[in-house]
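Fold and geometry: a report
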Amino acid sequence: MKWLILGIWLASILFAHFRGRVRLSLSRQLLDHSVLLAPINAFMVLCSRVPTTPYLPSREIAALQVLDDNWEVIRDEALKMAELRRIKAAERHDDIGFNSFFKNGWKRFYLKWYDARHPSAEELCPRTVGILKGLPTIKAAMFAELPPGSKLNRHRDPFSGSLRYHLGLATPNDDGCHIIVDGETYSWRDGESVVFDETYVHEAHNKTDANRIILFCDVERPLKWRWAEAFNRWFGRVVMSAASSPNDGGDKTGAINKLTHAHWVIDQKRKQFKAWNRTVYKLTKAALITLVIIGFLIL
């Protein structure tokens with residue numbers, strides 16, 4: 001049985017690695033955080049009721065039209081948050097899903113995160129939150145800012161039970177501000193939206209002199225069978241909700257992010273070790289993973 005489990009896990013990692021045209025190096029893929037959910041991700045992709053291409057037509061998910069139709073209402077509240085400087089990086093290193101993005105200028109203000117409440121968003125952005133409450137397939141939502149000169153390095157997100165939706169609110173309206181998903185480029189425009197599969201390798205750049213603010217949503221992936229969708233919702237409720245990060249002290253912090261300060265302290269030590277000797281760091285990381293696998297096989 002353990003060999004079967006290990007085989008399924010490794011096959012799922014390779015499935016994710018080879019399904020796109022653009023790939024991380026195999027060594028990075030094997031060490032990437034997405035490997036933890038590789039079997040679940042493969043299941044979600046194979047059960048998908050919508051195309052599994054890097055970009056999808058937004059009409060594949062009818063509920064998104066409501067957001068498109070109300071983009072100016074949403075934009076006005078986003079601009080208010082930007083003026084108040086509420087779209088910002090996490091202040092206490094308690095956003096494990098996006099901590100690595102902040103160092104390159106990316107910022108966010110949460111509107112919704114699975115089953116975790118954000119009273120700050122309900123108070124400050126009542127119209128946008130009200131619209132989102134009427135769309136249960138929207139599992140997470142935030143205002144996301146990419147200032148001039150900022151970027152997101154190549155990466156793949158760890159969970160394929162959702163699809164990513166971006167709605168341009170206040171953008172440079174310029175091709176210099178864009179996202180690249182599996183080698184295909186999309187430039188944000190005010191009032192226009194795009195849907196893509198964030199488990200493909202992607203990166204983003206703002207090479208203009210203007211700020212970019214979008215509505216950023218995770219949308220439940222439509223699956224072929226009800227039991228599969230029920231599993232996806234359960235997983236989101238139990239696991240993904242635990243990664244909730246607050247806008248301020250009155251918002252819920254998920255169990256995972258309650259541990260992220262300790263994680264951040266350890267990560268600083270990891271970075272120091274990596275800076276000291278990159279080769280030794282890689283060998284040590286590979287050795288630790290090998291020991292875990294050997295331990296699993298022995299058990």
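Presented here is an overview of the structure given in this document. All values reported here derive from a predicted model rather than from experimental measurement.

**A look at the packing of helix α3 (residues 38-46) against helix α9 (residues 226-238)**
Across the interface, α3 lies against α9 with an axial gap of 11 Å and an inter-helix angle of 140°. What the angle tells us is that α3 and α9 run oblique. Remark: the crossing between α3 and α9 carries left-handed chirality. On α9, the residues that touch Ile40, Phe43 and Met44 of α3 are Trp227, Ala228, Phe231, Asn232 and Phe235. The residue inventory of the contact of α3 with α9, partitioned by class, reads seven nonpolar, one polar and no charged.

**A closer look at the packing of aromatic side chains**
The full count for this structure, using the stated rule, is 17 aromatic pairs. Feature note: the residues Phe43, Phe159, Trp225, Trp227, Phe231, Trp234 and Phe235 constitute an aromatic cluster, connected by ring pairs. When the ring centre of Trp188 is taken as reference, the NZ or CZ atom of Arg212 above it lies at 4.5 Å.

**A closer look at the nonpolar core**
Core analysis: the largest hydrophobic core is formed by 35 residues, its most contacted members being Phe98, Trp106, Trp113, Phe159, Ile179 and Trp188. Every element with two or more residues in this core is listed here: α3, α6 (99-102), β2 (107-113), β3 (138-145), β6 (177-181), β8 (193-196), β10 (213-220) and α9. In this structure Phe159 touches Leu37, Ile40, Asn41, Met44, Tyr114, Glu198, Thr199, Asn232, Phe235 and Met240, once residues within four positions along its chain are discounted. Counting residues in each nonpolar core, the second largest holds 31 residues, with Ile74, Met81, Leu111 and Leu169 among its members.

**Overview of the sheet that holds β3**
One open sheet holds the six strands; their spatial order is β1-β8-β5-β10-β3-β2, and the pairing between them is antiparallel. Looking at the sheet topology across the chains shown, the edges are occupied by β1 (55-56) and β2. The pairing of β2 with β3 spans six bridges and is antiparallel. Residue pairing in the sheet places Lys112 in a bridge with Ala141 of β3. The strands that helix α5 (residues 71-83) touches are β2, β3, β5 (162-170) and β10; relative to β5, the one it contacts most, it runs at about 75°.

**Observations concerning the sheet that holds β6**
Overall, antiparallel pairing links the four strands, which are arranged β4-β9-β6-β7 in an open sheet. Sheet topology places β4 (151-155) and β7 (184-187) at the edges, where each strand pairs with a single neighbour. The mean inter-strand angle of the sheet, taken between neighbouring strand axes irrespective of direction, is 20°. Pairing between β6 and β7: four bridges, direction antiparallel. Of the residues in β7, the one forming a bridge with Val181 is Glu184.

**So, the side chain of Arg156**
Topologically, Arg156 is positioned in the loop between β4 and β5. Judged by its relative accessible area of 4%, Arg156 falls in the buried class. A polar atom in the side chain of Arg156 sits 2.9 Å from the side chain of Gln29. Only 2.5 Å separates the side chain of Arg156 from the backbone oxygen of Thr199, close enough to count as a polar contact.

**Considerations on the packing of α5 against helix α8 (residues 126-133)**
Axes are the key here: two packed helices are described by the angle between their axes and the distance separating the axes. Direction vectors running N to C along α5 and α8 enclose 135°, while the axes themselves pass 8 Å from each other. One element, α5, and the other, α8, form an angle in the oblique class. When you trace α5 past α8, the crossing you get is left-handed. Here Val73, Ile74 and Glu77 of α5 come into contact with α8, specifically with Pro126, Arg127, Thr128 and Ile131. Per-class residue counts for the contact of α5 with α8 are four nonpolar, one polar and two charged.

**Considering the pairing of β3**
Of all eight residues making up β3, eight are buried, and the element is well covered by its neighbours. Pairing between β3 and β10: seven bridges, direction antiparallel. Considered in β10, the bridge of Ala140 is made with Asp218.

**Observations regarding the state of the cysteines**
A full pass over the atoms with the stated rule returns zero disulfides. Cysteine Cys177 is unpaired, with the sulfur of Cys217 as its nearest cysteine sulfur at 17 Å. Take Cys217: it sits in no disulfide, and the sulfur closest to it among the cysteines is that of Cys125, at 13 Å. Note on Cys217: relative accessible area 0%, which makes it buried.

**Topic: unusual backbone geometry**
With a phi close to 60°, Arg85 is a non-glycine residue in the positive phi region. With respect to the element layout, Arg85 can be found in the loop between α5 and α6. Positive phi values are uncommon outside glycine, yet Tyr114 reaches one of about 45°. Tracing the chain through its elements places Tyr114 in the loop between β2 and α7 (119-124). Accessibility expressed as a relative area gives 9% for Tyr114, which makes it buried.

Parameters and conventions
- Residues numbered from 1 in each chain as written.
- Predicted model: local features only at pLDDT ≥ 70, side-chain atom pairs only at ≥ 80, totals over all residues.
- Heavy atoms only, no water.
- Axes fitted to C-alpha atoms, helices over the stretch in contact; angles between N-to-C directions.
- Helix = DSSP H or I, 4+ residues; strand = E, 2+ residues; numbered from the N terminus.
- Parallel < 35°, antiparallel > 145°, perpendicular 65-115°, else oblique.
- Left-handed = near helix turned anticlockwise from the far one by under 90°.
- Contact = heavy atoms within 4.5 Å.
- Nonpolar A, V, L, I, M, F, W, Y, C, P; charged D, E, K, R; others polar.
- Phe/Tyr/Trp six-rings, centres within 6.5 Å; stacked < 30°, edge-to-face > 60°.
- Lys NZ or Arg CZ within 6 Å of the ring centre and 35° of its normal.
- Core = buried A, V, L, I, M, F, W, Y, C linked by side-chain atoms within 4.5 Å.
- Buried < 20%, exposed > 50% of the residue type's maximum accessible area, 1.4 Å probe, protein only.
- Pairing = 2+ DSSP bridges.
- Polar contact = N/O pair within 3.5 Å; in protein donor to acceptor, adjacent residues only side chain to side chain.
- Disulfide = S-S within 2.5 Å.

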